[in-house]
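# Chain and residue survey
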Amino acid sequence: MSQRIFHHPVLGSMEERTALQFQFNGAVYTAYEGETIAGALLAAGVRTLRVHEETGAPRGIYCNIGHCYECRVHVDGIPTVRACMTLVTEGMCVTAGSVLPTPLKKGGHAK
Amino acid sequence: MNDVLVIGAGPAGLSAAIAAARQGLSVKIVDEFYRPGGRLLGQLHEEPDGVWWNGLAEAARLDQEARALGVNISCGVSVYDIARCDDRWRISTTEGEWESSLLLIATGASEAAVPVPGWTLPGVMSIGAAQVMTNVQRVRVGKKGVVIGVNILSVAIARELQLAGVHVEQLILPPLSEVSGKAGRPHEIMRSLLRVAHLAPSPVIRLGSKLMGSAWMQRLAVAFFPSKGVRMWDMPIHLRTAALEIVGTSQVEGVRTARVTPEGLPIPGTEQLIPADFVCIAGGLSPLAELAAIAGCPFAYVPALGGHVPLHDEYMKTPLPGLYVAGNITGIESARVAMSQGTVAGLSMAQASGLLADDSLLSQAQLQVKRVRQNATIQFHPDIAAGRELVGQMAAAWTAR
């Protein structure tokens, strides 16, 4: 379900924009030119952009202007890319990252 | 090599670049965001005279003017180091290194984080995040939300959300803690809100605020603050309600709240759950000054200006050779003040290069900063002028050493 604000009482209506296809965790989504990864995914109802590397707890955007790094994702294989600062491009492949092993921590995930 | 490097393409950086380029300097701006404008992007409010301040339009105007003067603007570039090399500044960025003899740091402000239990759940964001998502990305942050933190910025942005069809259920206080400090105490919030009550559209609130001049009247008002909140600027403000915890499993489902005493302590037996699919945390703004610290600039801690600010004089020059600052890095004020400070910085750099044809341009620009500050409809802090004075004295003392 789309949450885009096409019409705004003061800012006016959005002009025609090019639609782009991109992937997030293997599923295909549509973005419009000028949308960030975070914006396009939120418009599609996706709030969880990654999981905490140690606990697996879900995380999404916090500051939306690049300060906090809470929205870090992998883009086309490159890690630690900020979803709030990165515009979607055609065919972009975004993944959320996963829980990492903590072999030196007592009671950690390493087997 | 450019004569001037500017870090930050917000109102201060763009205005500085325009002023310097007009005097014949070659200017390059770098900014981390994907488009120029900085915190102008997303600003949208109605001034008391009924005219809308549209930050997006202001940003587009400054951007066009700068480009027309030949200013090079590189977006999506992060600066991670600044070093002095011979008689120049070298900035290290994600796109390589650049050098110039004059450097302006105009990095603006960042939002203070106020930890609330449950704040890492998806759907919890800073109030500024919601502003950018709504007005720049044009995506709704949710259907129904709660704003934690009552200040001039959070009330203004909550109105912007409503304008875009996003329902804000309540504005409430953060839980009382070492971090939230005054922001968790109802009587402190009442005092700060009264400073801006003259802007309220409702004549009842405007008149009421005049009657509330004395401290005991303010205490009385807090003590009898209606449990349903009041609609101030048409926003549901609950000064006697605080968040205890944000709840949800995979994302925000609601906020657990309690009524609080005038001192901010939760009253047992008054807990409630407000259903919500998003939460905004509003902790206020602080100067974003790390790069000035890396450059070796001395600082002052001035609460009236929002925190630690790099020392600078009325020419926006720091005590370090060729290093200038402008905008919210020098103290939290409106975008209009940032723009006028940027013009001063740009002209100062032109003067330092021997390219300023007419020195009166600079003195006029300095007067303009004071004029804009005096005419500001919103005073972010009552002691801004005194804070500015103090920073100027400290800068002079530092330079005289």
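This structure is a prediction, so every number in the text was calculated from the model and none was measured.

Conventions adopted
- Residues numbered from 1 in each chain as written.
- Chains lettered and ligands numbered in written order.
- Predicted model: local features only at pLDDT ≥ 70, side-chain atom pairs only at ≥ 80, totals over all residues.
- Heavy atoms only, no water.
- Helix = DSSP H or I, 4+ residues; strand = E, 2+ residues; numbered from the N terminus.
- Buried < 20%, exposed > 50% of the residue type's maximum accessible area, 1.4 Å probe, protein only.
- Contact = heavy atoms within 4.5 Å.
- Areas by Shrake-Rupley, 256 points an atom, 1.4 Å probe, with all protein chains shown as cover.
- Lys, Arg positive; Asp, Glu negative; His and termini not counted.
- Charge placed at Lys NZ, Arg CZ, Asp CG, Glu CD.
- Domains from an automatic or database assignment.
- Buried area = accessible area lost by both parts, 1.4 Å probe.
- Salt bridge = Lys/Arg side-chain N within 4 Å of Asp/Glu carboxyl O.
- Polar contact = N/O pair within 3.5 Å; in protein donor to acceptor, adjacent residues only side chain to side chain.
- Nonpolar A, V, L, I, M, F, W, Y, C, P; charged D, E, K, R; others polar.
- Pairing = 2+ DSSP bridges.
- Axes fitted to C-alpha atoms, helices over the stretch in contact; angles between N-to-C directions.
- Expected span 1.5 Å × (residues − 1).
- Arc of directions from axis to C-beta.
- Right-handed = clockwise from strand over helix to strand, strands pointing away.

Turning our eyes to something else, we now look at the overall build of chain A. Each helix and strand in chain A was counted, giving one helix and nine strands. Mapped from its N terminus to its C terminus, chain A presents α and β elements in the order β-β-β-β-α-β-β-β-β-β. For chain A, the C-alpha atoms occupy an extent of roughly 55 × 25 × 25 Å along the three principal directions. Here chain A holds 111 residues, and the buried ones make up 42% of them. Considering only residue pairs separated by 6 or more positions, chain A has 41% of its internal contacts joining residues 24 or more positions apart. Accessible surface for chain A amounts to roughly 5,700 Å². Of this, 56% is attributable to carbon and sulfur atoms. Distance between charge centres in chain A, computed from 10 positive and 9 negative side chains, equals 15 Å.

The secondary structure content of chain B amounts to 11 helices and 22 strands. Evaluated residue by residue, chain B yields a buried proportion of 54% over its 401 residues. Long-range pairs, those at least 24 residues apart, make up 63% of the contacts in chain B with a sequence separation of at least 6. By element, 55% of the accessible surface of chain B is carried by carbon and sulfur atoms, the whole surface being about 16,500 Å².

Turning our attention to the domain arrangement of chain B. Residues and elements named next belong to chain B. The domain boundaries assigned to chain B delineate domain 1 (4-111 + 285-400) and domain 2 (124-281). Roughly 1,400 Å² of surface becomes buried between domain 1 and domain 2 when both sides are summed, with 60% attributable to carbon and sulfur atoms. At the junction of domain 1 with domain 2, the criterion picks out zero salt bridges. Inspection of the domain 1/domain 2 interface yields six residue pairs in polar contact (both at pLDDT 80 or more).

Looking at the element boundaries, Ser 15 of chain B is found in helix 1 (residues 11-22). Between the C-alpha atoms of Ser 15 of chain B and Asp 313 of chain B, which are 298 residues apart in sequence, the distance is 18 Å.

This part is about the interface of chain B and chain A. Opposite the 40 residues of chain B that make contact, chain A presents 35 residues. Buried area between chain B and chain A, both sides added, is near 3,200 Å², and the carbon and sulfur share of it is 59%. The largest contributions to the chain B side of the interface with chain A come from Gln 137, Arg 138 and Arg 140 of chain B, which together make up 23% of the buried area. In this structure, Arg 82 of chain A and Glu 32 of chain B form a salt bridge, with 2.9 Å as the shortest nitrogen-oxygen distance. Listed by contribution, the elements that provide at least two residues to the side of chain B that touches chain A are strand 4 (52-54), strand 10 (109-111), strand 11 (124-126), helix 3 (127-135) and strand 18 (278-281) of chain B. If one sorts the elements of the side of chain B that touches chain A by residue count, helix 3 of chain B sits on top with six residues. Class assignment for the residues of the side of chain B that touches chain A results in 20 nonpolar, 14 polar and six charged.

Before going further, it helps to examine the sheet that holds strand 7 (residues 88-93) of chain B. As a general point, the strands of a sheet are linked pairwise by backbone hydrogen bonds and lie either parallel or antiparallel. All names here are of chain B. The antiparallel open sheet is built from three strands, whose spatial order is 6-7-8. Strands at the two margins of the open sheet, each flanked by one partner only, are strand 6 (79-85) and strand 8 (96-100). Across this sheet, the average inter-strand angle for adjacent strands is 20 degrees, counted without regard to direction. Note that strand 6 and strand 7 share six bridges and pair antiparallel.

Let us now look at the side chain of Glu 160 of chain B. All names here are of chain B. Within the secondary structure, Glu 160 is located in helix 4 (residues 152-163). Within the buried core, Glu 160 has no salt-bridge partner, and the shortest N-O distance to an opposite charge, that of Arg 39, equals 8.6 Å. Within the structure, the side chain of Glu 160 is placed 3.0 Å from the side chain of Gln 131, a separation counted as a polar contact. Of the polar contacts made by the side chain of Glu 160, one reaches the side chain of Asn 135; its length is 2.9 Å.

All names here are of chain B. Given a rise of 1.5 Å per residue, 14 residues ought to cover 20 Å, and the 20 Å separating the end C-alpha atoms of helix 2 (residues 55-68) matches this to within 8%. Taken residue by residue, helix 2 has Gly 55, Leu 56, Glu 58, Ala 59, Leu 62, Asp 63 and Ala 66 as its buried positions. The buried residues of helix 2 occupy an angular sector of 160 degrees when the element is viewed end-on, so they sit on one face. Turned more than 90 degrees away from the buried face of helix 2, the exposed residues are Gln 64 and Ala 68. A side-chain oxygen of the first residue of helix 2 lies 3.1 Å from the backbone nitrogen of Leu 56; this N-cap is Asn 54. Phi turns positive one or two residues past the end of helix 2, at Gly 70, with a value near 90 degrees.

A few words now on the pairing of strand 13 (residues 167-173) of chain B. Residues and elements named next belong to chain B. With five of seven residues buried, strand 13 is to be regarded as a mostly interior element. Here strand 12 (residues 144-148) runs beside strand 13; their pairing, made up of five bridges, is parallel. Its bridge partner being in strand 13, Ile 148 is matched across the sheet by Ile 172. Handedness of the strand 12-helix 4-strand 13 crossover: right-handed. Inspection of the sheet shows strand 13 paired to strand 15 (residues 235-247) by two bridges, in the parallel sense.

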